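Examination of the molecular architecture
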Amino acid sequence: MKPELREGERLDDLQRNGLSIIQTPGKFCFGMDAVLLSGFASVRAGERVLDLGTGTGIIPILLSAKTQAKELVGLEIQHESAEQADRSVRLNGLEERVRIVEGDLREAAGLFGAASFDVVTSNPPYMMDSHGLQNPDAALAIARHEILCSLEDVIAQAAKVLKPGGHFYMVHRPFRLAEIISLMVQYRLEPKRMRLVYPRVDQEPNMVLIEGVRGGRSRMTVEKPLIVYGADGKYTPEIYEIYGF
């Protein structure tokens with residue numbers, strides 16, 4: 001299918017199953033955090049998955065290649081981003097499995113119904129409104145700062161739309177880990193698995209991958225660290241494997 005590229009857009013090869021994605025450099029582009037989340041999430045055959053704040057649609061698109069999910073839904077509030085993600089879905093011929101919905105994640109339960117998904121993923125804004133410099137570009141500011149939703153909004157809605165025993169997967173920043181775990185317990189998304197991501201072995205972690213189970217019992221496994229770059233400055237073998245290179 002011929003891509004519907006518009007001014008300022010580019011088509012990027014995802015190096016997996018022949019998939020590509022439409023992006024706008026400096027505006028709507030996915031990062032490593034989304035790719036790592038797609039590798040951390042576990043989806044069984046026939047399950048329904050909801051990605052809260054899907055942006056470019058990268059997580060549903062990657063999970064369509066990595067899993068046998070029956071349906072993958074991406075929810076995105078920004079019109080331009082949602083429309084671009086939808087074009088990427090159609091470009092890849094994924095309309096039967098992947099659906100992009102334009103809407104507010106704070107209304108996810110109302111849009112899709114309670115207990116309607118087996119898996120929820122999210123790569124939400126990391127910065128609280130008072131943290132860091134907000135990007136003057138409104139779209140980037142919304143993607144990076146909690147302007148249109150908070151961490152609690154994400155976790156609360158995930159808990160509502162997940163079936164009992166359903167799994168929640170999120171990537172975030174370690175400096176908010178205490179808040180993340182506290183909110184997950186509050187909304188009965190029991191933290192079950194966590195992995196810290198380190199740029200290099202001698203540096204502090206800059207990402208955390210966490211899994212919760214709706215109504216799960218209290219017991220969490222902390223997995224071995226994920227190191228991004230080796231001593232040679234190149235990606236470690238595990239990163240190459242996650243990317244599918």
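Computed from a predicted structure; not experimentally measured.

Check the secondary structure of the protein and you find 8 helices and 11 strands. Looking at the protein as a whole, 50% of its 245 residues are labelled buried. Of all intrachain contacts in the protein linking residues separated by at least 6 positions in sequence, the fraction that spans at least 24 positions is 70%. Here the protein displays about 11500 Å² of accessible surface, and carbon together with sulfur accounts for 49% of that area.

Burial along strand 2 (residues 20-23) is two-sided: the residues Ser20 and Ile22 and Ile21 and Gln23 are all buried. Where strand 1 (residues 10-13) folds back on strand 2, the antiparallel hairpin that results is connected by 6 residues, among which Gln15 adopts a positive phi of roughly 60°.

Close approach of charged atoms allows side chains with opposite charge to pair. Taken as a whole and assessed by the stated rule, the structure comprises 14 salt bridges. Between Glu47 and Arg44 there is a salt bridge, with the nearest N and O atoms lying 3.2 Å from each other. Judged by relative accessible area, which is 8%, Glu47 ranks as buried. Between Arg106 and Asp104 there is a salt bridge, with the nearest N and O atoms lying 2.8 Å from each other. On the basis of relative accessible area, Arg106 is assigned to the partly exposed category, the value being 39%. Assessed through its relative accessible area of 13%, Asp104 is described here as buried. Taken together, the shared-partner salt bridges connect Arg6, Glu9, Glu83 and Arg87 into one network.

Along helix 1 (residues 32-40), 8 of the 9 residues are buried, which leaves the element largely enclosed by surrounding structure. Of all the residues in helix 1, the buried ones are Met32, Asp33, Ala34, Val35, Leu36, Leu37, Ser38 and Phe40.

Moving on, we get to the pairing of strand 7 (residues 162-172). Relative to strand 7, strand 6 (residues 117-122) runs parallel, the two sharing 5 bridges. Across the sheet, residue Phe117 finds its bridge partner in strand 7, namely Leu162.

This part takes up the packing of aromatic side chains. Describing an aromatic ring pair means giving the distance of the ring centres and the angle of the ring planes. Throughout the structure, instances matching the rule amount to 5 aromatic pairs. When the ring of Phe112 is compared with that of Phe117, the centres are 5.5 Å apart and the planes differ by 85°; the resulting orientation is edge-to-face. Both residues of the pair, Phe112 and Phe117, count as buried. Ring centres of Tyr235 and Tyr240 lie 5.7 Å apart, and the angle between their planes is 70°; this geometry places the pair in the edge-to-face category. A network of ring pairs unites the aromatic residues Tyr229, Tyr235, Tyr240 and Tyr243 as a single cluster. The lysine or arginine in question, Arg48, covers the ring of Phe117, its NZ or CZ lying 4.4 Å from the ring centre. Positioned above the aromatic ring of Phe40 is the side chain of Arg193, whose terminal nitrogen or guanidinium carbon lies 3.8 Å from the ring centre.

Calculation criteria
- Residues numbered from 1 in each chain as written.
- Predicted model: local features only at pLDDT ≥ 70, side-chain atom pairs only at ≥ 80, totals over all residues.
- Heavy atoms only, no water.
- Helix = DSSP H or I, 4+ residues; strand = E, 2+ residues; numbered from the N terminus.
- Buried < 20%, exposed > 50% of the residue type's maximum accessible area, 1.4 Å probe, protein only.
- Contact = heavy atoms within 4.5 Å.
- Areas by Shrake-Rupley, 256 points an atom, 1.4 Å probe, with all protein chains shown as cover.
- Pairing = 2+ DSSP bridges.
- Salt bridge = Lys/Arg side-chain N within 4 Å of Asp/Glu carboxyl O.
- Phe/Tyr/Trp six-rings, centres within 6.5 Å; stacked < 30°, edge-to-face > 60°.
- Lys NZ or Arg CZ within 6 Å of the ring centre and 35° of its normal.

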